[in-house]
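Each chain, letter by letter, is given below.
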Amino acid sequence: MHGIPHPVNDPTLVSYHRKELLRLLPQLEQAYDCWTLLNADGLGKAKEKYLHREPAEPAQAYKARLERSTYTPIYRDSIRSYAGLLSRFQLIEAPESLQKAQGNVDLQGSSIQSFLTQVDELALRDGGTYVMVDMMPENGNDNFFDQMRDERHPYLINIRRCDVINWQVSYERGVETVSQVTVRQLRSVPDPEAAFGSKVEPIYYVLTPGKVDMYRLVKSGPSRWENQLVDSISTTMPVVPIVWYGATSSRFAQGDLPMDGLADLSIQHYQMRSDLQELLHKCAMPVPVRKGAPIGPDGRPPALVLGPNTAVDLPAEGGEFNFAEPSGKSLERHQDEVKHVEELMDRSSLNFLYGANVKTATEAALRASQVSSSVAALVRNKTAMFGTVMRLWAWYAGEQEQITSESGIAMNDSLINKPMGASEMAQLVNLYSNDLLSKRTVLDELQRGGVLDPDLVIDDEMARIDEDKEAEHQLQVEEAEQKLEMDLSRAKSFQEQAPTEPGQGSDKEKGDLAEAKKAADKTQFAAKENDKTRRSAEQAK
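All of these numbers come straight from a predicted model, not from anything done at the bench.

**Comments concerning the overall build of the protein chain**
Scanning the protein chain for helices and strands turns up 14 helices and 12 strands. Going through the 541 residues of the protein chain one by one, you find that 35% of them count as buried. Within the structure as shown, the protein chain displays about 32,700 Å² of accessible surface, and the carbon and sulfur contribution to it stands at 50%.

**Some remarks on the packing of helix α1 (residues 19-35) against helix α6 (residues 112-126)**
Two measures define how a pair of helices packs: the angle their axes make with one another and the distance between the axes. Between α1 and α6, the least distance of the axes is 9 Å, while the angle of their chain directions is 130°. Taken together, α1 and α6 sit at an angle that is classed as oblique. Only Glu121, Arg125 and Asp126 of α6 make contact with α1, whose side of the interface consists of Leu28, Ala31, Tyr32 and Trp35. Taken together, the residues of the contact of α1 with α6 sort by class into 4 nonpolar, no polar and 3 charged.

**A word on the packing of aromatic side chains**
Tallied over the full model, the rule gives 4 aromatic pairs. Considering the side-chain rings of Tyr71 and Tyr270, the 6.0 Å spacing of their centres and the 65° angle between planes classify their relative orientation as edge-to-face. Placement of the pair is Tyr71 in the loop between α3 (59-68) and α4 (74-85) and Tyr270 in helix α8 (residues 260-283), with a sequence separation of 199 residues. For the ring pair Tyr130 and Trp244, a centre distance of 4.9 Å and an interplane angle of 55° mean the geometry is tilted. Linking Tyr130 in strand β2 (residues 128-135) with Trp244 in strand β9 (residues 242-246), this pair joins segments that are 114 residues apart in sequence.

**As for the packing of α4 against α6**
Between α4 and α6, the shortest axis-to-axis distance is 9 Å and the interhelical angle comes to 125°. As the angle between them shows, α4 and α6 are arranged oblique. Of the two possible hands of crossing, α4 and α6 adopt the one that is right-handed. Contacts between α4 and α6 involve Tyr75, Ile79, Arg80, Tyr82 and Ala83 from the former and Thr117, Asp120, Glu121, Leu124 and Arg125 from the latter.

**Topic: the environment of Leu22**
Mapped onto the fold, Leu22 is located in helix α1. On the basis of relative accessibility, which here comes to 25%, the residue Leu22 falls in the partly exposed class. Distance from Leu22 to Cys162, taken between C-alpha atoms, is 9.1 Å for residues 140 residues apart in sequence. Those residues in contact with Leu22 that sit more than four places away from it in its chain are Val8, Asn9 and His17.

**A short note on the pairing of β9**
Most of β9 sits inside the fold, with 5 of its 5 residues counted as buried. Residues Ile242, Trp244 and Gly246 line one face of β9 and the alternating positions Val243 and Tyr245 line the opposite face, and both faces are buried. Sheet topology note: the β2/β9 ladder contains 5 bridges and is antiparallel. The partner of Thr129 across the bridge, within β9, is Tyr245.

**Focus on the pairing of strand β8 (residues 225-234)**
The pairing of strand β7 (residues 211-219) with β8 spans 9 bridges and is antiparallel. Looking across to β8, one finds that Lys219 is bridged to Trp225. The hairpin turn running from β7 into β8, its antiparallel successor, is 5 residues long.

**Quick notes on unusual backbone geometry**
For Leu38, which is not glycine, the phi dihedral falls at a positive 65°. As for its position among the elements, Leu38 is in the loop between α1 and α2 (47-50). With a relative accessible area of 0%, Leu38 lands in the buried category. The phi dihedral of Arg173 is positive, around 55°, even though this residue is not glycine. Inspection of the secondary structure assignment puts Arg173 in the loop between β4 (164-172) and β5 (175-190).

**Overview of the confidence of the model for the protein chain**
On average, residues of the protein chain carry a pLDDT of 81, and 82% of them reach 70 or more. Within the model, pLDDT remains below 50 along residues 352-356, and this stretch shows 13 contacts once partners closer than five positions in the same chain are excluded. Note that residues 501-505 has pLDDT below 50 and, in this model, 5 contacts with residues that lie over four places away or in other chains.

**Side note on helix α11 (residues 422-433)**
Since the α-helix turns once every 3.6 residues, residues separated by three or four places project in the same direction. Look at α11: 16 Å from first C-alpha to last across 12 residues, which is about the 16 Å you get at 1.5 Å a residue. Just downstream of α11, Asp435 is the residue with a positive phi angle, here 60°.

**What to know about the sheet that holds strand β3 (residues 154-159)**
Strand order across the open sheet formed by 3 strands is β3-β2-β9, with antiparallel pairing between neighbours. The outermost strands of the open sheet, each flanked by one partner alone, are β3 and β9. The sheet shows a mean angle of 25° between the axes of neighbouring strands, direction not considered. Bridging between β2 and β3 involves 6 bridges; their strand directions are antiparallel. Directly across from Val133, in β3, lies its bridge partner Leu156. The strands touched by α6 within the sheet are β2, β3 and β9, with β2 carrying the most contacts at an inclination of about 145°.

**Looking at the pattern of salt bridges**
Under the definition given, this model contains 15 salt bridges. Here Arg68 ties to Glu278 by a salt bridge, and the two come within 2.6 Å at their closest N and O atoms. Pair noted here: Arg68 is in helix α3 and Glu278 is in helix α8, with a separation of 210 residues, a long-range link. Residue Glu201 pairs with Arg216 through a salt bridge whose shortest N-O separation is 2.8 Å. Of this pair, Glu201 sits in strand β6 (residues 198-208) while Arg216 sits in strand β7, placing them 15 residues apart in sequence. In this structure Arg216 comes out as partly exposed when scored by relative accessible area, which is 25%.

Reading guide: rules and limits
Residues numbered from 1 in each chain as written. Predicted model: local features only at pLDDT ≥ 70, side-chain atom pairs only at ≥ 80, totals over all residues. Heavy atoms only, no water. Helix = DSSP H or I, 4+ residues; strand = E, 2+ residues; numbered from the N terminus. Buried < 20%, exposed > 50% of the residue type's maximum accessible area, 1.4 Å probe, protein only. Areas by Shrake-Rupley, 256 points an atom, 1.4 Å probe, with all protein chains shown as cover. Axes fitted to C-alpha atoms, helices over the stretch in contact; angles between N-to-C directions. Parallel < 35°, antiparallel > 145°, perpendicular 65-115°, else oblique. Contact = heavy atoms within 4.5 Å. Nonpolar A, V, L, I, M, F, W, Y, C, P; charged D, E, K, R; others polar. Phe/Tyr/Trp six-rings, centres within 6.5 Å; stacked < 30°, edge-to-face > 60°. Left-handed = near helix turned anticlockwise from the far one by under 90°. Pairing = 2+ DSSP bridges. pLDDT = per-residue confidence, 0-100. Expected span 1.5 Å × (residues − 1). Salt bridge = Lys/Arg side-chain N within 4 Å of Asp/Glu carboxyl O.

Laid out in structure tokens, this is it:
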């Protein structure tokens, strides 16, 4: 896949590939070409793999055909859409060093979110990928605590499926244990034959519990190779610190490519669009046809010149000039076939989840259930993978005591639900207003429908709602008490102004006094009722 001339079938060499991997290499190469838009080794370099040169086709015409052909990025966009479904998560009870390193978990500036998004994309593209946990090299400080103060911490490495070329796995009481892994890494080294040049050299790392051996292959003859040990490093890790993240299987290095069908369709779509574009290129201009042209002295008719200021001379008898163009049936047929392939590609991607190219609700539910099952498997595999990665991180950092049974990541379990519309939200509010749904159910449904943030904690939100209601109730009680005091003061002033003798005083003053007493009674009654309601709420709480 990388153009490396090392033997892959000799089990005595470190470059030996497992047979399972060899069978998948053509699919992995095609997936990589589709992912890079056929620009893997340069602009348009991979086009020749899928658009072959026709018999007797001139080299210049073939090159021009390759340059005119374009590849649509449906395959890559679909994988990124799937990966976007898995991008919402939260760290749960992570080690302190991992929380501090969230902004740069791979020593290359990638946050934990961006790193895992890249891991998700590779898992979907290649059917799986590997995450390795390593420790920053020693910095020469005196002890472990000095190194911790110098911010020495573990980091994560994402390794592609094609670069883990060999492995040994054992099973004890149903538990899978990885005993050996061979990882190939490409390094740029100075070229001894060029003063300022460089070349790519593969280095092989053999990981075993507590040890890492680094090898390179050297030629011992015209067609013979031998292993050369470059370095051997001892580690404190009692296991191989590499974790498999599979799209379809949780077994180490197992599983097929879930998007392989879409890759085949995208290649077919590219070839058919290239053929259609070639037909349009050659048939777009009608061909001029001239009959009865006069023959010149050299025995040939004069050159035909077309333009707004030219004319064609023809004999009076038998002369004819017109344009011939194709009927268009072939072009229509090609266009229909291209549309059919595009529909198949839509069915293999996420376009149908929200109603695109779906005729009935039943069809939408059936198609969505298939994707729902695949996404649910990915969620489980990702959660299990990162739980193991977090424990390896804690082991390297000496923070095993900070790991609990809940340590890992928490992901939203409603990743592919259709976003809730305005009518559905209105129905929920109406049901709640008629006491047919509880407040908790309404909030849960709004969160599941994408209206509320998936990171919102419903229990905390309900507690805040209760606090706001209690504060509003307390404010109403205080306002009622203030109004009661004002009404009582007003009634008292009216009473002092009114004469004590019966029949004295004006009718207006008597009316005002009666109204003031009535208002004071109402205010006092309201205050008592509010106080009674508040006590009942406190007892219920």
